[in-house]
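Read off the chains here:
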Amino acid sequence: MDALILIGSLLVLLMVGFPVAFAVGLSAFIGAWWIDLPLEAVVIQVTNGINKFSLLTIPFFILAGAIMAEGGIARRLVNFAYIFVGFIRGGLSLVNIVASTFFGAISGSSVADTASIGSVMIPQMEEKGYPRDFAAAVTASGSVQAVLTPPSHNSVIYSLATGGMVTISSLFVAGIFPGLLLAACLMVMCLGFARKRGYPKGERIPFRLALKIFFDAFWGLFTVVIIMGGILSGIFTASESAAIACLWAFFVTMFIYRDFRWRQLHILLFRTIKTVTIVMVLIAFATGFGAVMTFMQLPTLITEAFTSFSDNKYVILMCINILLLVVGTLMDMAPLILILTPVLLPVATALGIDPVHFGMIMLTNLGIGLITPPVGTVLFVASAVSKQKIEQVVSEMLPFYGMLFLVLMLITYVPAISLWLPHLMGVM
């Protein structure tokens, strides 16, 4: 009955149109009232939820990505990606994915990736004979890797949701190879489409021009070196790396590229503060919600329910995947990570699944949810940028869903894909 009151009140509040963060917070107070838990205890958990130094990582990375997105880095990354794959048949679709890989490693956001790369690539692809809905599907699918590769904001949120059991650094390193695997699989699919549909080849870029393009993109790409190099070398923590990356992004955008005007800076800062505020309010209330779940012993009850259902961890992992895929289509990614991690992580650890590996499973599942209707935020952004109806983009994305599911199965059932690099680098 306790679970019914807590989860039921959350669902009712969401259905009547409450913002997710406030629905989570109010349902936590309703649950606390139901079990006679002092409301002051929930308030303490809410404030403690955002009183963590590691949370500084999120605003710094959001600001760094926003500055780079507005400063012309997307166009430069597209040109840089063209050097490597633009001359192949269907090369522009490959350029789209490679550019998303680079940009995702700077922004850490699928939404920013889709908006920035899509605004550059979709018109180019249409001009060269690619259907606009196909270009939108490639852009949206390629952006999913941003939730895996560093500096993924969602990796930071998952680390927080584990209560410090998993470090941000280990998640950043663990996400590198799954993200590259996802990109490679999508590129193979695009090559197949190019041959089948006769998409055009591009022209090879002369060496002298390629060198110029490289040096133009180098300053933005160096942000990736700052983020990962600083963390892996032990010079910076993740939070310090984010702060330095933010300063570097500001320097490159305002003094080297100079595509962004000073008088627009306050608008960018206001937009970033608004985004960060929403995230922080959500984290605070979700922490209170998780505390109430713990008092109700819901994680223990759910773990017992899963393990009594089957003692085969592969069967339970498939059940968890199905659950995450379904709920990922109904709610945004960050609140689901904060709500479901305290519930599902005990199940995973009881089965002997490494928490870092489980993080990659969860992020991949919910990343697919970002491009799946009815609440796929990245899907809506791709539709808006491409000026195509949602149903047109979804129809073109059906094969991409199949490929993403294959990648999900590989990440789920081959732990080494996620864990070999962190072990090699000694971050876990």
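The structure we're discussing is the one just above.
The text that follows walks through the structure, step by step, so that each part is easy to find. (Residues numbered from 1 in each chain as written. Predicted model: local features only at pLDDT ≥ 70, side-chain atom pairs only at ≥ 80, totals over all residues. Heavy atoms only, no water.)

**What about the overall build of the chain?**
No. 1: Secondary structure assignment for the chain yields 21 helices and zero strands.
No. 2: What you see for the chain is a C-alpha radius of gyration of 22 Å, in line with the 22 Å of a compact globule of 428 residues.
No. 3: Summarising its shape, the C-alpha atoms of the chain cover approximately 70 × 45 × 45 Å along the three principal directions.
No. 4: Every one of the 428 residues in the chain was classed for burial, and the buried ones make up 55%.
No. 5: Of the contacts made within the chain by residues no fewer than 6 positions apart, 77% connect residues no fewer than 24 positions apart.
No. 6: When the accessible surface of the chain is totalled, it reaches about 18,000 Å², and 69% of it is carbon and sulfur.
No. 7: A distance of 17 Å separates the average location of the 21 positive side-chain charges in the chain from that of its 18 negative side-chain charges. (Helix = DSSP H or I, 4+ residues; strand = E, 2+ residues; numbered from the N terminus. Rg over C-alpha atoms; globule rule 2.2 N^0.38 Å. Buried < 20%, exposed > 50% of the residue type's maximum accessible area, 1.4 Å probe, protein only. Contact = heavy atoms within 4.5 Å. Areas by Shrake-Rupley, 256 points an atom, 1.4 Å probe, with all protein chains shown as cover. Lys, Arg positive; Asp, Glu negative; His and termini not counted. Charge placed at Lys NZ, Arg CZ, Asp CG, Glu CD.)

**Focus: the side chain of serine 141**
No. 1: With respect to the element layout, serine 141 can be found in helix 8 (residues 132–142).
No. 2: Within the structure, the side chain of serine 141 is placed 2.8 Å from the backbone oxygen of alanine 137, a separation counted as a polar contact.
No. 3: Ignoring sequence-local partners within four residues, the contact set of serine 141 consists of Leu182, Leu186, Ile371, Met397 and Phe400. (Polar contact = N/O pair within 3.5 Å; in protein donor to acceptor, adjacent residues only side chain to side chain.)

**Observations concerning helix 3 (residues 39–49)**
No. 1: Where helix 3 is concerned, the buried positions are Val42, Val46 and Gly49. All buried residues of helix 3 fall inside an arc of 60° around its axis, so they share one side.
No. 2: On its buried face, helix 3 sits against helix 2 (20–34), helix 9 (153–161) and helix 14 (265–295). (Arc of directions from axis to C-beta.)

**Thoughts on unusual backbone geometry**
No. 1: For the peptide bond that leads from proline 150 to proline 151, omega is 5°, which places it in the cis range.
No. 2: Relative to the helices and strands, proline 151 is located in the loop between helix 8 and helix 9.
No. 3: Although it is not a glycine, aspartate 36 adopts a positive phi angle of roughly 60°.
No. 4: Inspection of the secondary structure puts aspartate 36 in the loop between helix 2 and helix 3.
No. 5: Notably, lysine 387 is not glycine yet its phi reads approximately 60°, a positive angle.
No. 6: Position of lysine 387 among the secondary structure elements: in the loop between helix 19 (377–386) and helix 20 (390–413).
No. 7: Given the relative accessible area of 69%, lysine 387 is considered exposed.

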